[in-house]
Amino acid sequence: MGETSVKPLITFDLDDTLICWQSEIPTEHVSLPWHCKWFNIEPLRYGTVDLFKKLRNYGWQIGIYTTSHRKPKYIKKLFNLHGLNLDLVINQDKHEKIIKNLLVKKKPSKLPNRVNSMLHIDNSEGVLIEGKRFHFRVLIVDPLDYNWTEKILAESISVARMLELGTYRT
């Protein structure tokens, strides 16, 4: 992507997408500094750190869009402990403000296009259906898929190319 262009935003769901509690899913290792030993660290799925670094190198901004009520400050701290910075955090409270004036009967659980996300990563087929209905691009990754990072990188490259060519579609 060009240096003068605005960097596109990719958003991620948290639960069962980046935070996985299942014992068979490998997680990132983190060594907490002594002053953070109190912090209740949730397990980031293995590959997240490398994936985020590659996405940054490809020119992406990175955000979280979750239906969780976790505080944005907590979410940012969780990723910071892994050396990762987030450009945006949308939790359920912020999401409710985003959809408040949406004139539809059945409101979506997520609406990442309202925060200019060009690609949203999730584990829920329901979000994929909402993406089609509300015109946002979604890539579904299964928590047990060990090639999940490769799928995201391939899709991010495809989306970036469409944005460069002016052919982006949801």
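The coordinates are above.
Worth saying up front: this structure is predicted, and the values here are computed from it rather than measured.

Student: What's the story with the side chain of Thr-17 in this structure? I'm lost.
Tutor: Position of Thr-17 among the secondary structure elements: in the loop between strand 1 (9-12) and helix 1 (48-57). In this structure the side chain of Thr-17 is engaged in a polar contact, spanning 2.9 Å, whose partner is the side chain of Asp-13. Not counting residues within four places of it along the chain, the set of residues in contact with Thr-17 comprises Arg-45, Ile-121, Asp-122, Asn-123, Val-141 and Trp-148.

Student: Before we go on, may I ask you to explain the nonpolar core in this structure?
Tutor: What tends to happen in soluble globular proteins is that the nonpolar side chains get buried as a cluster. Ranked by internal contacts, the top residues of the largest apolar core, which has 30 residues, are Ile-10, Phe-12, Phe-52, Phe-79 and Ile-152. At the level of secondary structure, the elements contributing two or more residues to this core comprise strand 1, helix 1, strand 2 (61-65), helix 2 (72-80), strand 4 (117-122) and helix 5 (148-165). No other element matches the 6 residues that helix 5 contributes to this core. Residues in contact with Phe-12, not counting those within four places in the same chain, are Leu-18, Leu-51, Phe-52, Leu-55, Ile-62, Gly-63, Ile-64, Tyr-65, His-120, Ile-121 and Ile-152. By size, the runner-up hydrophobic cluster in this structure holds 11 residues, among which are Tyr-65, Ile-90, Leu-102 and Val-115.

Student: Teacher, can you tell me more about the pattern of salt bridges here?
Tutor: Evaluated as defined, the whole model comprises 9 salt bridges. Across the pair Asp-122 and Lys-110 runs a salt bridge, and its minimum N-O distance is 2.6 Å. Of the two residues, Asp-122 sits in strand 4 while Lys-110 sits in the loop between helix 3 (92-99) and strand 4, which places them 12 residues apart along the sequence. Both residues of the pair, Asp-122 and Lys-110, count as buried. Put simply, Arg-161 and Glu-164 hold a salt bridge, and the shortest N to O gap is 3.4 Å. Taken as a pair, Arg-161 and Glu-164 lie in helix 5 at a separation of 3 residues, close to a single helical turn. On the accessibility criterion, Glu-164 (47% relative accessible area) is partly exposed. The structure contains a network of salt bridges with shared partners spanning Asp-13, Lys-110 and Asp-122.

Student: I tried to follow helix 5 on my own but got confused; where do I start?
Tutor: Two residues of an α-helix separated by three or four positions point the same way, owing to the 3.6 residues in each turn. In this model helix 5 runs 26 Å from its N-terminal to its C-terminal C-alpha over 18 residues, within 8% of the 26 Å that 1.5 Å per residue would give. Restricting attention to buried positions, one finds in helix 5 the residues Trp-148, Thr-149, Ile-152, Leu-153, Glu-155, Ser-156, Val-159, Ala-160 and Met-162. At its buried positions, helix 5 is contacted by strand 1, helix 1, strand 4 and strand 5 (138-140). Remark: Gly-166 follows helix 5 within two positions and exhibits a positive phi of approximately 75°.

Reading the values: the criteria
Residues numbered from 1 in each chain as written. Predicted model: local features only at pLDDT ≥ 70, side-chain atom pairs only at ≥ 80, totals over all residues. Heavy atoms only, no water. Helix = DSSP H or I, 4+ residues; strand = E, 2+ residues; numbered from the N terminus. Polar contact = N/O pair within 3.5 Å; in protein donor to acceptor, adjacent residues only side chain to side chain. Contact = heavy atoms within 4.5 Å. Core = buried A, V, L, I, M, F, W, Y, C linked by side-chain atoms within 4.5 Å. Buried < 20%, exposed > 50% of the residue type's maximum accessible area, 1.4 Å probe, protein only. Salt bridge = Lys/Arg side-chain N within 4 Å of Asp/Glu carboxyl O. Expected span 1.5 Å × (residues − 1).

Limitation: the analysis is restricted to geometry and does not speak to function.
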